[in-house]
Amino acid sequence: MCTVCGCGDAKVEGHAHSHDHDHAHPHDHDHGHDHGPDHHHDDDRHIHYGRGIAGVHVPGLSQSRIVQIERDILGHNNDFAGRNRAWAAEHGVLALNLVSSPGSGKTTLLCRTAEALKAKVPVAVIEGDQQTSFDADRIRATGIPALQVNTGKGCHLDAHMVESAIARLAPADDSVLFIENVGNLVCPAAFDLGEAYKVAILSVTEGEDKPLKYPDMFAAAGLMILNKIDLLPHTDFDVARCIDFARRVNPDIVVLQLSARTGEGFDQWLAWITEGRRRAVAERITALEAKLAAAKASLGTA
Amino acid sequence: MHEMSLTEGVVRILEEQAATHGFSRIKTVWLEIGELSTVVPDSMEFCFGAVAAGNPLTKDARLEIIRVPGTAWCMDCSASVEIATRTDPCPRCGGYQVTVTAGTEMRIKEVEVE
Ligand SMILES: Nc1nc2c(ncn2[C@@H]2O[C@H](COP(=O)(O)OP(=O)(O)OP(=O)(O)O)[C@@H](O)[C@H]2O)c(=O)[nH]1
Ligand SMILES: [Mg+2]
Ligand SMILES: [Zn+2]
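Residues numbered from 1 in each chain as written. Chains lettered and ligands numbered in written order. Predicted model: local features only at pLDDT ≥ 70, side-chain atom pairs only at ≥ 80, totals over all residues. Heavy atoms only, no water.

(A) Representation of the coordination of the magnesium ion (ligand 2) in the model. Residues and elements named next belong to chain A. Around the magnesium ion (ligand 2), the protein contributes the donor atoms Thr-107 (OG1), Asp-135 (OD) and Glu-180 (OE), at 2.1 Å from the metal centre. Positions of the donor residues of the magnesium ion (ligand 2) along the chain correspond to the pattern T-x27-D-x44-E. A residue pair is termed long-range when its members are at least 10 positions apart, and Thr-107 in helix 2 (residues 106-117) and Asp-135 in helix 3 (residues 134-140) qualify at 28 residues. The class of Thr-107 is buried, set by a relative accessible area of 4%. Looking at Asp-135, the relative accessible area reads 12%, which means it is buried. (Donors = N, O, S within 2.8 Å, 3.2 Å for Na, K, Ca; no water. Helix = DSSP H or I, 4+ residues; strand = E, 2+ residues; numbered from the N terminus. Buried < 20%, exposed > 50% of the residue type's maximum accessible area, 1.4 Å probe, protein only.)

Okay, structure coming up:
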């Protein structure tokens, strides 16, 4: 079992099968979990996260005692998320974690976004779904590299799956990496993937009360996108109320309205991405300049 | 229903701790679960029962959940206030300029072992 993804039998697409497990786990396993015997493989295109918990047998003491643990239950996930975030910072990558109910339009949004950005900015996509590679296929049809992660029974992506997917996909330096999470407004809220922002997508056919019904997700998101605004005339969706609800759970949330079908509102969305990317690349430039200065200084003092 | 994967995460941390601290059987596990966390305690207990039973380390373990109240900072009142859910307004002024400061934790606090 990997980190907290034990509910799953998740697979990362495109993984070449090998039994000595020299594959897409570039991290050292110093956190003491074992990928060896628990790994199963369905076919040679997937990493399959093993199930089951290896029993640990330690000769015990006979008297009962209290041991302080003080550990975050999500600690393992957060360790991986921290590593993903450090990777993104080092490579100037803006990573966005797209979360929503099933069918709000995440993949449609990503296809159109990829089309709009691809001439100017390197883009890569990690697609999370329980089953099928349909969504990754849709992205690849736009000419953008995409990798499908199937979570099996798992209801969310976790940071370890994303780490493996990043190793496999190898997004370009200074790129925008979109991670489409499993359609689910509950569980992905708890799992940091190492993204710069969670982007919550809510379509206007879902009702404006979603931010109050699923507050954790809207509290965790930096941006809320109201999608399918081309359908507003056919619904009783109250945009102002929806934004008010979202601000109740997250006073700082940014809100954009758009249609992934018609492209209305896309300029602001693309501007938001571009600004995020500018900051990610600027940070990398600062870090590189510091390195360069240190290298020059070391020559100067030699 | 991520309580199942969270519970499996708990058991894994306990296994690591068992190796570090040298214990082989857990009698009680105390979890701190914030009122504003994404965890439903009943569901966590249910999952723990299922996951713990299959592991020699935890098969006899009892789960104790300590709830940590939700606390937020109200910008309008410049005060720390208690809230029961993320959607609550400030109990003093009724406003929504509140930022959560505590109550989201999900921690393994301690265990009773032999
Ligand atoms: N009218 C309208 N339809 C849209 C819009 N965006 C997406 N759709 C439609 O909504 C349906 C679901 O879109 P997807 O992009 O597959 O949604 P998703 O969020 O990726 O779905 P899952 O990955 O299954 O969670 C499709 O039929 C899309 O054509 C939009 O802006 N307007
Ligand atoms: Mg999709
Ligand atoms: Zn107040």
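(B) The packing of helix 1 (residues 3-21) of chain B against helix 2 (residues 41-53) of chain B, seen in detail. Residues and elements named next belong to chain B. Helix 2 packs onto helix 1 with a crossing angle of 55 degrees between their chain directions and a minimal axis gap of 9 Å. If you check the angle between helix 1 and helix 2, you find them oblique. Crossing handedness for the pair helix 1 and helix 2: right-handed. From helix 1, Glu-3, Met-4, Leu-6, Thr-7, Glu-8, Val-10 and Val-11 reach across to helix 2, where they touch Ser-43, Met-44, Cys-47, Phe-48, Ala-50 and Val-51. Its residues assigned to classes, the contact of helix 1 with helix 2 comprises nine nonpolar, two polar and two charged. (Axes fitted to C-alpha atoms, helices over the stretch in contact; angles between N-to-C directions. Parallel < 35°, antiparallel > 145°, perpendicular 65-115°, else oblique. Left-handed = near helix turned anticlockwise from the far one by under 90°. Contact = heavy atoms within 4.5 Å. Nonpolar A, V, L, I, M, F, W, Y, C, P; charged D, E, K, R; others polar.)

(C) Representation of the sheet that holds strand 4 (residues 79-83) of chain B in the model. Residue and element names in this part refer to chain B. Here we have three strands laid out as an open sheet, ordered 4-3-5, and antiparallel in their pairing. Sheet topology places strand 4 and strand 5 (98-102) at the edges, where each strand pairs with a single neighbour. Looking at each pair of strands side by side, their axes are set apart by 40 degrees on average, direction ignored. Pairing geometry for strand 3 (residues 70-74) and strand 5, over four bridges, is antiparallel. Across the sheet, Ala-72 pairs through a bridge with Val-100, a residue of strand 5. (Pairing = 2+ DSSP bridges.)

(D) How the structure looks around the packing of aromatic side chains. All names here are of chain A. Evaluated as defined, the whole model comprises three aromatic pairs over all chains. The interplanar angle of 45 degrees and the centroid separation of 6.4 Å between the aromatic rings of Phe-178 and Trp-269 together place this pair among those described as tilted. A residue pair is termed long-range when its members are at least 10 positions apart, and Phe-178 in strand 7 (residues 176-180) and Trp-269 in helix 8 (residues 266-300) qualify at 91 residues. Given a relative accessible area of 0%, Trp-269 falls into the buried group. (Phe/Tyr/Trp six-rings, centres within 6.5 Å; stacked < 30°, edge-to-face > 60°.)

(E) Structural context of the coordination of the zinc ion (ligand 3). All names here are of chain B. Only Cys-74 (SG), Cys-77 (SG), Cys-90 (SG) and Cys-93 (SG) from the protein reach the zinc ion (ligand 3) as donors, at distances of 2.2 to 2.4 Å. Metal-centred angles of 105 to 113 degrees between the four donor atoms at the zinc ion (ligand 3) mark the site as tetrahedral. In terms of primary sequence, the donors binding the zinc ion (ligand 3) are separated according to C-x2-C-x12-C-x2-C. (Tetrahedral: all angles 85-135°; square planar, octahedral: opposite > 155°, others 65-115°.)

(F) Focus on the pairing of strand 8 (residues 197-203) of chain A. Residue and element names in this part refer to chain A. Counted residue by residue, strand 8 has six buried out of seven residues, so it is predominantly covered. Here five bridges tie strand 8 to strand 9 (residues 223-227), and the two strands are oriented parallel to one another. Across the sheet, the residue bridging to Val-199 is Leu-223, located in strand 9.

(G) Focus on the pattern of salt bridges. Residue and element names in this part refer to chain B. As enumerated under the stated definition, the model contains 24 salt bridges over all chains in all. Put simply, Glu-114 and Lys-27 hold a salt bridge, and the shortest N to O gap is 3.9 Å. With Glu-114 in the segment after strand 6 (106-113) and Lys-27 in strand 1 (residues 26-34), this pair connects stretches of sequence that are 87 residues apart. Residue Glu-114 is classed as buried on the basis of its relative accessible area of 18%. With its nearest N and O atoms 2.2 Å apart, the salt bridge here joins Glu-64 to Arg-62. In this structure Glu-64 comes out as partly exposed when scored by relative accessible area, which is 29%. Taken together, the salt bridges that share partners define one network made up of Arg-25, Lys-27, Lys-59, Asp-60 and Glu-114. (Salt bridge = Lys/Arg side-chain N within 4 Å of Asp/Glu carboxyl O.)

(H) Highlighting the confidence of the model for chain B. Per-residue confidence for chain B averages 93 on the pLDDT scale, and 99% of its residues sit at or above 70. Quick note on the complex model: pTM equals 0.84, ipTM equals 0.86. (pLDDT = per-residue confidence, 0-100.)

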